[in-house]
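Residues per chain are reported as follows:
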Amino acid sequence: MYEPIRTRSLHSMADDAEYPHRSREEELDIQLAGHLSALLAVTDELGLDTAAEHIASQISRLRGAPPARHAGLSGADPAALHRRAHALAGRALVVAASRADTAAAILSAERMDAHTAALTELHLVGAH
């Protein structure tokens, strides 16, 4: 009634040798470097040079090359930039914890604290 399939299915997996596969650790490295790169761009825009250098060194460690630096300013409100940086540092912290990268986790937590403090200061200054 049914004939057996005599040709290779179009839906079968291709030979593994044809496609490079990354390990979970490599994927997490890429994701962490991406979050830190976004944080670096915001940090550069805020003019936080020392923090930016620390972030850049972590990106260099993960990627094996120095990161591209933020070229222009958006003119965004400093409070909005600090909120964005806080969120990015939080994302980086989650990935760093997932890959057990202590240095990146500590840096991310420090950046979250710094942006929280900056937001608190901006709100106190704005309240007067």
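Here's what I pulled together on the structure shown here. (Residues numbered from 1 in each chain as written. Predicted model: local features only at pLDDT ≥ 70, side-chain atom pairs only at ≥ 80, totals over all residues. Heavy atoms only, no water.)

1. Focus on helix H3 (residues 78–98)
At step 1: Between its terminal C-alpha atoms H3 stretches 30 Å, which fits the 30 Å expected from 21 residues at 1.5 Å a residue.
At step 2: Of the residues making up H3, those classed as buried are Ala-79, Leu-81, His-82, Ala-85, Leu-88, Ala-89, Gly-90, Ala-92, Val-95 and Ala-96.
At step 3: The positive-phi residue at the C-terminal boundary of H3 is Ala-100, with phi of around 60 degrees. (Helix = DSSP H or I, 4+ residues; strand = E, 2+ residues; numbered from the N terminus. Expected span 1.5 Å × (residues − 1). Buried < 20%, exposed > 50% of the residue type's maximum accessible area, 1.4 Å probe, protein only.)

2. Some thoughts on unusual backbone geometry
At step 1: One non-glycine residue, Ala-100, adopts positive backbone phi at about 60 degrees.
At step 2: Relative to the helices and strands, Ala-100 resides in the loop between H3 and helix H4 (102–127).

3. A short note on the pattern of salt bridges
At step 1: Taken as a whole and assessed by the stated rule, the structure comprises six salt bridges.
At step 2: The salt bridge partner of Arg-69 is Asp-44, with a shortest N-O separation of 2.8 Å. Placement of the pair is Arg-69 in the loop between helix H2 (49–63) and H3 and Asp-44 in helix H1 (residues 24–46), with a sequence separation of 25 residues.
At step 3: For Asp-44, a relative accessible area of 18% puts it in the buried group.
At step 4: When the shortest N-O distance is used, the salt bridge between Asp-101 and Arg-61 registers 2.6 Å. (Salt bridge = Lys/Arg side-chain N within 4 Å of Asp/Glu carboxyl O.)

4. Quick word on the nonpolar core
At step 1: In terms of nonpolar packing, the biggest core is built from 23 residues, with Leu-32, Leu-36, Leu-39, Leu-40 and Ile-55 touching the most fellow members.
At step 2: At the level of elements, H1, H2, H3 and H4 are the ones that each hand at least two residues to this core. (Core = buried A, V, L, I, M, F, W, Y, C linked by side-chain atoms within 4.5 Å.)

5. Here we look at the packing of H1 against H2
At step 1: Between H1 and H2, the shortest axis-to-axis distance is 9 Å and the interhelical angle comes to 155 degrees. Here H2 runs roughly antiparallel to H1, going by the angle between their axes. Between H1 and H2 the crossing geometry is left-handed. Facing H1, whose interface residues are Asp-29, Leu-32, Ala-33, Gly-34, Leu-36, Ser-37, Leu-39, Leu-40, Thr-43 and Asp-44, H2 presents Ala-51, Ala-52, Ile-55, Ala-56, Gln-58, Ile-59, Leu-62 and Arg-63.
At step 2: Residues belonging to the contact of H1 with H2 are distributed by class as follows: eleven nonpolar, four polar and three charged. (Axes fitted to C-alpha atoms, helices over the stretch in contact; angles between N-to-C directions. Parallel < 35°, antiparallel > 145°, perpendicular 65-115°, else oblique. Left-handed = near helix turned anticlockwise from the far one by under 90°. Contact = heavy atoms within 4.5 Å. Nonpolar A, V, L, I, M, F, W, Y, C, P; charged D, E, K, R; others polar.)

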